[in-house]
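Residue-level structural notes
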Amino acid sequence: MEFGEIVSVLLQGAVVTIQIVAMALPLAVLMAFSFGLIRLYAPTPFKQIAIVYIEFFRGTSALIQLYWIYFVLPFFGITIDAMTAAVVALGLNIGAYGTEVVRGAIQSVPKGQYEASIALNFTSSQRLWRIIMPQALVNMIPPFGNLAIELVKATSLVSLITIGDLTFKAKMLADTTLQVGEIFGVVLLFYFVMAQFLVFFIRRLETHLSKGLGRGGLHS
Amino acid sequence: MSAPIIEFKNVKKCFGETVIFSDFNFKVEENEIVSIIGPSGSGKSTLLRILMTLEGIDGGYINVAGESLWHMPWQGQHVPANNKHLHKMRNHLGMVFQHFNLFPHMTVKRNITEAPMRVKGVSRAEAEEFAEKLLQLVGLADKADSYPNDLSGGQKQRVGIARALAMKPSILLLDEITSALDPELVDEVLDVIRNLVKEESFTMLLVTHEMYFAREISDRVCFFDKGAIVEEGEPEAIFTQPKEERTKAFLNAYIGQ
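Here is a short report on the structure shown in this document. Just so it is clear, the structure is predicted and the values come from calculations on it, not from any experiment. (Residues numbered from 1 in each chain as written. Chains lettered and ligands numbered in written order. Predicted model: local features only at pLDDT ≥ 70, side-chain atom pairs only at ≥ 80, totals over all residues. Heavy atoms only, no water.)

Moving on to the interface of chain B and chain A. Taken together, the contacts link 25 residues of chain B with 23 residues of chain A. Of all residues in chain B, Phe103(B), His105(B) and Arg118(B) give up the largest surface area on contact with chain A, accounting jointly for 25% of the area buried on that side. Linking chain B with chain A are 2 salt bridges, by the criterion used here. Taken together, chain B and chain A are joined by 8 residue pairs in polar contact (both at pLDDT 80 or more). Breaking the side of chain B that touches chain A down by element, the ones donating at least two residues are α2 (83-90), β8 (93-96) and α3 (108-120) of chain B. The dominant element in the side of chain B that touches chain A, judged by the number of residues it contributes, is α3(B), at 4 residues. A per-class count over the side of chain B that touches chain A returns 13 nonpolar, 6 polar and 6 charged. (Contact = heavy atoms within 4.5 Å. Buried area = accessible area lost by both parts, 1.4 Å probe. Salt bridge = Lys/Arg side-chain N within 4 Å of Asp/Glu carboxyl O. Polar contact = N/O pair within 3.5 Å; in protein donor to acceptor, adjacent residues only side chain to side chain. Helix = DSSP H or I, 4+ residues; strand = E, 2+ residues; numbered from the N terminus. Nonpolar A, V, L, I, M, F, W, Y, C, P; charged D, E, K, R; others polar.)

Okay, here's the thing in structure tokens:
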């Protein structure tokens, strides 16, 4: 098989991978913020629900979660297509790690910031969204960046539930052409480029959000 | 004589097993400037923090401007205050912190205008005009667009004072506002307070280790030890003729330096 053809097939797979990331990442961020905030501020029963979610999705294998959602849930009458199953499983999985990022970042904002915002009589939601969160966001960006890259790499699991992502196409090509060196070389490069794109985007975001906070080497 | 603007009645405060106040009574009259001096751990800062609602109390009552701070009437009874009541009561109070606690993600101007705009609903134009006035008062008119991290400690604290004043509190609490500063920066901050009290009348409660400043600015000085006022009176009396042994020992240790 010609190299150009290999690249073309793999590109189709890469597009599917990017689609999954593009849908699972917002879900993960949504889960991370909602359950991170529940974990910190909600009444105890809600906190316990959050803990169950977090510990379950962190404590079990992402692949098995994916199998459950795609292969086992139909036995309970819940049938979802492979793409949705992939997005849900990966979004919930990465989101569970993200909750701890959100919680840790909020808790790392110095106590004096809360006290100053109470003294100035801000309401509790103003305190959170105007004073604490803008500072916490900056702390969240680097660990969220790591999770986003983890997500890109974890998408390769979806090849096991029949989705034609980058890994799936690569294995298919490798089985038929045996040109494993070229194929997996290109695959490696594709994943790397996707991760680098995220890294670039995350750095931009960090610079933008840390304005005034004196991070990023301008002043300590 | 009118009712005191601040009154502590039989206040009890503990941190776990440690008793800070067991039966604390204290009054401040309107427009009175009271300095609180005393050794570390004597409850000086806790007193201010309780007033600012940063710490609750475990017993007793506190009145601020004629209303109970930590309690409110409900169905004919006196019950612990809810958030709404605390929110209302905080309008009387402003606080300047030892470690400034400026908001690092906001410019100096926004540090000062944010609360008046969001909490009091003041228009942006009005809030910014007042912020400019306050920045002039503290000598930082040229720093409006800087971020706190670009300022010196003394400048940060002057912004901290301006930020507290922006809410127009009737009672100003100053919690060791020069303790975190290099010695050469202390006076620029104290000068701001000196000018402030010259221009306007304030009820001011300050915890300080700057004895000369306490002596110069206060109407009354209270010497605190182990959660109680050991001795209080006019500054001249306290500093030149202290009656209690503990006051003498404390002042000697300071003046002896």
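After that view, the rundown keeps rolling.
Leu10(A), Ile106(A), Met140(A), Phe8(B), Ile62(B) and Leu205(B) are the most contacted members of the largest nonpolar core, which has 99 residues in total. Every residue in contact with Leu205(B), bar those within four places of it in the chain, is listed here: Ile6(B), Phe26(B), Val28(B), Val34(B), Ile36(B), Leu48(B), Leu51(B), Leu172(B), Leu173(B) and Leu174(B). Within the second largest apolar cluster, 35 residues are counted, among which are Phe100(B), Leu165(B), Leu185(B) and Leu190(B). (Core = buried A, V, L, I, M, F, W, Y, C linked by side-chain atoms within 4.5 Å. Buried < 20%, exposed > 50% of the residue type's maximum accessible area, 1.4 Å probe, protein only.)

What follows concerns empty space enclosed by the protein. A full pass over the atoms with the stated rule returns 2 cavities of 30 Å³ or more. Together, 14 residues line the largest cavity, and Ala119(A), Leu120(A), Leu93(B), Gly94(B) and Met167(B) are the ones closest to its centre. Secondary structure elements with two or more residues in the lining of the largest cavity: α5 (111-119) of chain A together with β8 and α5 (153-165) of chain B. Looking at the lining of the largest cavity element by element, the count peaks at 3 residues for β8(B). Among the residues forming the lining of the largest cavity, the class breakdown is 9 nonpolar, 3 polar and 2 charged. As a volume, the second largest cavity reaches approximately 40 Å³. (1 Å grid on protein atoms, 1.4 Å probe; cavity = no way out; pocket = protein on both sides within 12 Å on 5 of 7 lines; lining within 4 Å. Points joined across faces, edges and corners; volume = space filled by probe spheres on them.)

All names here are of chain B. In terms of burial, helix α1 (residues 44-51) is a largely internal element, 7 of the 8 residues being buried. Inspection of α1 places Lys-44, Thr-46, Leu-47, Leu-48, Arg-49, Ile-50 and Leu-51 among the buried residues, and these make up the whole buried set. A positive backbone phi angle near 65° is found at Thr-53, which sits one or two residues after α1.

What follows concerns unusual backbone geometry. Trans is the prevailing form of peptide bonds, just as negative phi is the prevailing case for residues other than glycine. Residues and elements named next belong to chain B. Phi angles above zero are rare outside glycine, and Asn-10 is one such case at about 50°. Examined against the element boundaries, Asn-10 turns out to sit in strand β1 (residues 6-15). Overall, Asn-10 belongs to the partly exposed group, its relative accessible area being 44%. The phi torsion at Glu-176 lies on the positive side, around 45°, for a residue other than glycine. By secondary structure assignment, the location of Glu-176 is in the loop between β9 (171-175) and α6 (183-199). Looking at Glu-176, the relative accessible area reads 12%, which means it is buried.

Looking now at the environment of Glu176(B). Residues and elements named next belong to chain B. Separated by 39 residues in sequence, Glu-176 and Leu-137 have C-alpha atoms that sit 20 Å apart. With sequence-adjacent residues up to four places away left out, Glu-176 is seen in contact with Lys-44, Ser-45, Gln-98, Val-207 and His-209. Among the polar contacts listed, one links the side chain of Glu-176 to the side chain of Ser-179, at a separation of 2.8 Å.

It is worth spelling out the pattern of salt bridges at this point. This structure, assessed with the given rule, holds 22 salt bridges over all chains. For the salt bridge of Lys13(B) with Glu55(B), the shortest nitrogen-to-oxygen distance reads 3.6 Å. With Lys13(B) in strand β1 and Glu55(B) in the loop between α1 and β4 (59-64), this residue pair connects regions lying 42 residues apart in the sequence. Assigned by exposure class, Lys13(B) and Glu55(B) land together as buried. The residue Arg49(B) makes a salt bridge to Glu55(B) at a minimum N-O spacing of 3.1 Å. Arg49(B) sits in the buried class, given a relative accessible area of 15%. Judged by its relative accessible area of 17%, Glu55(B) falls in the buried class. If you follow the salt bridges from partner to partner, you end up with Lys111(A), Glu115(A), Lys13(B), Arg49(B) and Glu55(B) in one network.

It is worth spelling out a nonpolar patch on the surface at this point. All names here are of chain A. A cluster of nonpolar side chains, Ile-64, Trp-68, Phe-75, Phe-76 and Ile-78, forms an exposed patch at the surface whose accessible area comes to about 620 Å². By the element assignment, Phe-75 lies in the loop between α3 (62-72) and α4 (82-107). Residue classification places Phe-75 among the exposed residues on the basis of a relative accessible area of 75%. (Patch = residues over 30% accessible without salt bridge, like charges linked within 9 Å, V, L, I, M, F, W, Y side chains within 5 Å. Areas by Shrake-Rupley, 256 points an atom, 1.4 Å probe, with all protein chains shown as cover.)

Attention now moves to the side chain of Gln126(A). Mapped onto the fold, Gln126(A) is located in helix α6 (residues 124-154). Of the polar contacts made by the side chain of Gln126(A), one reaches the backbone oxygen of Arg118(B); its length is 3.1 Å. Apart from the residues lying within four places of it in its own chain, the contact partners of Gln126(A) are Ile131(A), Arg118(B) and Val119(B).

Let's shift gears to the sheet that holds strand β11 (residues 220-225) of chain B. Residues and elements named next belong to chain B. Judged by pairing direction, the sheet is mixed, and its 6 strands sit side by side in the order β8-β9-β10-β3-β11-β12 without closing on themselves. Here the strands that pair on one side only, and so sit at the sheet edges, are β8 and β12 (228-233). Between one strand and the next, the sheet's axes are offset by a mean angle of 20°, whatever the strand orientation. Inspection of the sheet shows strand β3 (residues 33-37) paired to β11 by 4 bridges, in the parallel sense. Bridge pairing links Ser-35 to Val-221 in β11. Packed onto the sheet, α5 meets β8 and β9 and runs at close to 175° relative to β8. (Pairing = 2+ DSSP bridges. Axes fitted to C-alpha atoms, helices over the stretch in contact; angles between N-to-C directions.)

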